[in-house]
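Residue strings, one per chain:
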Amino acid sequence: MIPPNYFLILSVVLFVLGAIAFFVKKDLITMFMSIEIMLNAANLAFITLARSAKSADGQIIVFFIITVAAAEAAVGLAIILLIFRQKKTIKSEDIKLMKG
Amino acid sequence: MGYFLFFLLAILTVGAVLGMIISKNQAYSALFLILAFACMGGLFALLEAPFIAVVQIIIYAGAIMVLFIFVIMMINVRYGIPAEKKKWTIYLSLVLAVVLVIELILSIKGAFTLPVSTAIIKAGPTDLGRLLFTKYLYPFEITSILIIAALVGAIVLVKKKEKE
């Protein structure tokens, strides 16, 4: 039986890697993928703690997170596609309409 | 055996995420991410969550990443990522990342003393389905409304305007 610490530390590392990727990468699609990494790190923590608490409730939460992530991916990718059609670019630096 | 599998999957996951960050091609990034999600499915199976593991592989590594790859193929940008990035921002982000790791580990330290459970939790598809339709019925229905709204929203957003 592997202690929960290992999984929790792995979850922290994955979350931080996702956060770094979000700030370092320059194109919208990869930034979007790093959000998915962060969601998955949260899922890992939820399942680890569900096992420690001996209940299946944590797994239900993960179920909802996966569903919301799917909805988010659909809408987010639609928005990225729309930005690409209008601006012909998906680099986050080139999109500065709100910068005044 | 369990430890061996854990370390194998953990190293593969972290390596795949690093590959996604380093890779300059978006399609390679997406493929690395599929590897990372599949390995995380293995980790979920190690954590006695077989149903979530299968859902992770089918929905995440399957459906969501196929969506990403579709969009990457539709956009298909051919530009090199400019090399003249400001170097100091990368070093600064590494320092901040280390700080964030320490901070998060300190904040979850309370969970480290949890006992290692030996009891087998009931988390098969039957048990999860029963929970989903009794205790979590309202969140479940709200999620279905969310999915419908997201579907309609995505279609309306991407639809080409008809010319009058």
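Notes on the structure follow. (Residues numbered from 1 in each chain as written. Chains lettered and ligands numbered in written order. Predicted model: local features only at pLDDT ≥ 70, side-chain atom pairs only at ≥ 80, totals over all residues. Heavy atoms only, no water.)

## Quick notes on unusual backbone geometry
Stage number 1. Positive phi is not limited to glycine here, since Lys54 of chain A has a value of about 55°.
Stage number 2. Residues other than glycine seldom take positive phi values, yet Glu48 of chain B does so here, at roughly 60°.
Stage number 3. With respect to the helices, strands and loops of the structure, Glu48 of chain B is situated in the loop between helix 2 (26-46) and helix 3 (50-75).
Stage number 4. Among the residues examined, Glu48 of chain B registers a relative accessible area of 21% and is labelled partly exposed. (Helix = DSSP H or I, 4+ residues; strand = E, 2+ residues; numbered from the N terminus. Buried < 20%, exposed > 50% of the residue type's maximum accessible area, 1.4 Å probe, protein only.)

## Things to note about a nonpolar patch on the surface
All names here are of chain B.
Stage number 1. A contiguous nonpolar surface patch, about 900 Å² in accessible area, is contributed by Met1, Phe4, Leu5, Leu8, Leu12, Tyr28, Leu31, Phe32 and Leu35.
Stage number 2. Listing elements by their share of the nonpolar patch, those giving two or more residues are helix 1 (2-22) and helix 2.
Stage number 3. With respect to the helices and strands, the residue Met1 is situated in the segment before helix 1. (Patch = residues over 30% accessible without salt bridge, like charges linked within 9 Å, V, L, I, M, F, W, Y side chains within 5 Å. Areas by Shrake-Rupley, 256 points an atom, 1.4 Å probe, with all protein chains shown as cover. Salt bridge = Lys/Arg side-chain N within 4 Å of Asp/Glu carboxyl O.)

## A closer look at the nonpolar core
Stage number 1. Ile29, Met33, Leu44 and Ile80 of chain A together with Phe68 and Ile75 of chain B are the most contacted members of the largest nonpolar core, which totals 61 residues.
Stage number 2. For this core, the secondary-structure elements that each account for two or more residues are helix 1 (4-24), helix 2 (28-52) and helix 3 (57-87) of chain A together with helix 1, helix 2, helix 3 and helix 5 (125-134) of chain B.
Stage number 3. In terms of residue count, helix 3 of chain B provides more of this core than any other element does, eleven residues in total.
Stage number 4. With sequence-adjacent residues up to four places away left out, Leu44 of chain A is seen in contact with Phe7, Leu10 and Ser11 of chain A together with Met40, Leu43, Phe44 and Leu47 of chain B. (Core = buried A, V, L, I, M, F, W, Y, C linked by side-chain atoms within 4.5 Å. Contact = heavy atoms within 4.5 Å.)

## Overview of the pattern of salt bridges
Stage number 1. Counted by the stated rule, this structure contains one salt bridge over all chains.
Stage number 2. Ionic pairing is found between Asp57 of chain A and Lys135 of chain B, a salt bridge with its closest N-O pair at 2.6 Å. Placement of Asp57 of chain A in helix 3 and of Lys135 of chain B in the loop between helix 5 and helix 6 (137-158) is noted, with the two residues assigned to different chains.
Stage number 3. Classification of Lys135 of chain B by relative accessible area gives exposed; the value is 55%.

## A look at helix 5 of chain B
Residue and element names in this part refer to chain B.
Stage number 1. Residues of helix 5 that are buried: Leu128, Leu131 and Leu132. With its buried residues spanning 100° around the axis, helix 5 presents them on a single face. In helix 5, the exposed positions angled more than 90 degrees off the buried face are occupied by Thr126, Arg130 and Thr134. (Arc of directions from axis to C-beta.)

## Notes on the packing of aromatic side chains
For any pair of aromatic rings, geometry is given as the distance between the ring centres together with the angle between the planes.
Stage number 1. Applying the stated criterion across every chain, the model contains eleven aromatic pairs over all chains.
Stage number 2. Seen from their ring centres, Tyr6 of chain A and Tyr3 of chain B are 6.0 Å apart, and the 70° between their planes marks the pair as edge-to-face. One end of the pair, Tyr6 of chain A, is in helix 1; the other, Tyr3 of chain B, is in helix 1, on a second chain.
Stage number 3. Look at Tyr6 of chain A and you get partly exposed, because its relative accessible area is 32%. (Phe/Tyr/Trp six-rings, centres within 6.5 Å; stacked < 30°, edge-to-face > 60°.)

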